[in-house]
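Residue strings, one per chain:
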Amino acid sequence: MKGLKGRRELKHGITKADCYLIRNNLQHFMTLDPHGNNGKYLIRSVYFDNFDNRIMNQKTEGYYHRDKFRARLYDYNTDFINLEKKSKRDNLTYKQKCKITAAEYEQIRIGELDWMAVDSRDLIRELYINMNLYQLKPTTVVDYEREVFIYPHGNVRVTFDSNVRTSYRNTDFLNPDLVMVEALDPNDVILEVKFDEFLPDIIKSLLQVVNTRKTAYSKYLLSRRYG
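Given the structure is predicted, the values throughout are model-derived calculations rather than measurements.

A.B. asks: Got a sec to walk through the packing of aromatic side chains? Specific residues and values, please.
C.D. replies: On inspection of all chains with the given rule, the structure shows 4 aromatic pairs. Geometry around Tyr134 places Arg54 over its ring, the cationic atom sitting 3.7 Å from the centre. Note that Lys219 overlies the ring of Tyr144, its terminal NZ or CZ placed 4.8 Å from the centroid.

A.B. asks: Help me get a handle on the pairing of strand β5 (residues 81–89), residues and values and all.
C.D. replies: Of all 9 residues in β5, 8 are buried, a share of seventy percent or more. Across 8 bridges, strand β4 (residues 65–74) lies against β5 in antiparallel orientation. Bridge pairing in β5 places Phe69 opposite Lys85. From the end of β4 to the start of β5, which pair antiparallel, there are 6 residues, and Asp75 there has a positive phi angle of about 50°. Relative to strand β6 (residues 92–100), β5 runs antiparallel, the two being bridged by 9 bridges. When the sheet's bridge partners are listed, Arg89 is paired in β6 with Leu92. The antiparallel hairpin formed by β5 and β6 contains 2 residues in its connecting segment, where Asp90 sits at a positive phi of about 55°.

A.B. asks: How would you summarise the pattern of salt bridges if you had to cite specific residues and measurements?
C.D. replies: Taken as a whole and judged by the stated rule, the model has 21 salt bridges. Asp119 is the partner of Arg121 in a salt bridge, and the nearest nitrogen-oxygen pair spans 2.7 Å. Of the residues examined, Arg121 reaches a relative accessible area of 21% and is grouped as partly exposed. Between Glu192 and Arg146 there is a salt bridge whose closest N-O contact spans 3.6 Å. Taken together, the residues span a long stretch of sequence, with Glu192 in strand β10 (residues 188–195) and Arg146 in strand β7 (residues 137–151) at a distance of 46 residues. Taken individually, Glu192 and Arg146 each receive the classification buried, so the pair is uniform in this respect. Because the salt bridges share partners, they merge into one network encompassing Lys11, Arg146, Asp161, Glu192, Lys194 and Lys219.

A.B. asks: An account of the nonpolar core is needed here, citing residue identities and associated values.
C.D. replies: By size, the foremost hydrophobic cluster in this structure holds 24 residues, and its most contacted members are Ile100, Met116, Leu127, Met131 and Phe173. Residue assignment for this core shows that the elements contributing at least two residues are β3 (40–49), β4, β5, β6, α3 (102–109) and α4 (122–134). In terms of residue count, α4 provides more of this core than any other element does, 4 residues in total. Discounting residues that sit within four places of it in the chain, Met116 has contacts with Ile108, Ile124, Arg125, Leu127, Tyr128 and Met131. Of all hydrophobic cores here, the second largest spans 18 residues; its members include Leu26, Tyr151, Val156 and Ile203.

Rules used in this analysis
- Residues numbered from 1 in each chain as written.
- Predicted model: local features only at pLDDT ≥ 70, side-chain atom pairs only at ≥ 80, totals over all residues.
- Heavy atoms only, no water.
- Phe/Tyr/Trp six-rings, centres within 6.5 Å; stacked < 30°, edge-to-face > 60°.
- Lys NZ or Arg CZ within 6 Å of the ring centre and 35° of its normal.
- Buried < 20%, exposed > 50% of the residue type's maximum accessible area, 1.4 Å probe, protein only.
- Helix = DSSP H or I, 4+ residues; strand = E, 2+ residues; numbered from the N terminus.
- Pairing = 2+ DSSP bridges.
- Salt bridge = Lys/Arg side-chain N within 4 Å of Asp/Glu carboxyl O.
- Core = buried A, V, L, I, M, F, W, Y, C linked by side-chain atoms within 4.5 Å.
- Contact = heavy atoms within 4.5 Å.

Below, the structure is given as structure tokens:
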């Protein structure tokens, strides 16, 4: 993780009623993410794992040193896709990403990998090594709706993720009509708080207006309940 800045991430399970209450408080002190529609957008991710569920098991068992790869797009726009590596080191989270094309994702999905070994992007070459070493491959697609509030001091992002759905191991990531099923109770919302060195007291107090359930909510783990 040399040269990368780690961030802290807190995740809580709340209800939609709690979400409404917290959102009304945050809007007086935080600003909506300028991207998307009123700070809201759809996120689609496809996660990589292997035949013995290496990534899922590391998350379930709470490893403090783990990595996961995913491809991600927004609002079904296949012209802008990121390959991302998200790493956990003790209590800090690190993220690396690079752009890939829809055609490149399809090559990865069907196992045409030779081009990755000599690609100019470090992350592509690293994924290639991991796909060969651990037999990683695209495993499942996850969709959800995200609303984002930002606060400059401490580089704080508060997100509300709802309507989490899974493709049940279908990896046709580029298909906007991919059949999805619910992976989270429709009344539940995942609250995530991300920040650098500190969480300002004002934001901390605004988030304490309801009884949250601090948990290791993982949208990938939620999706894997279906296979």
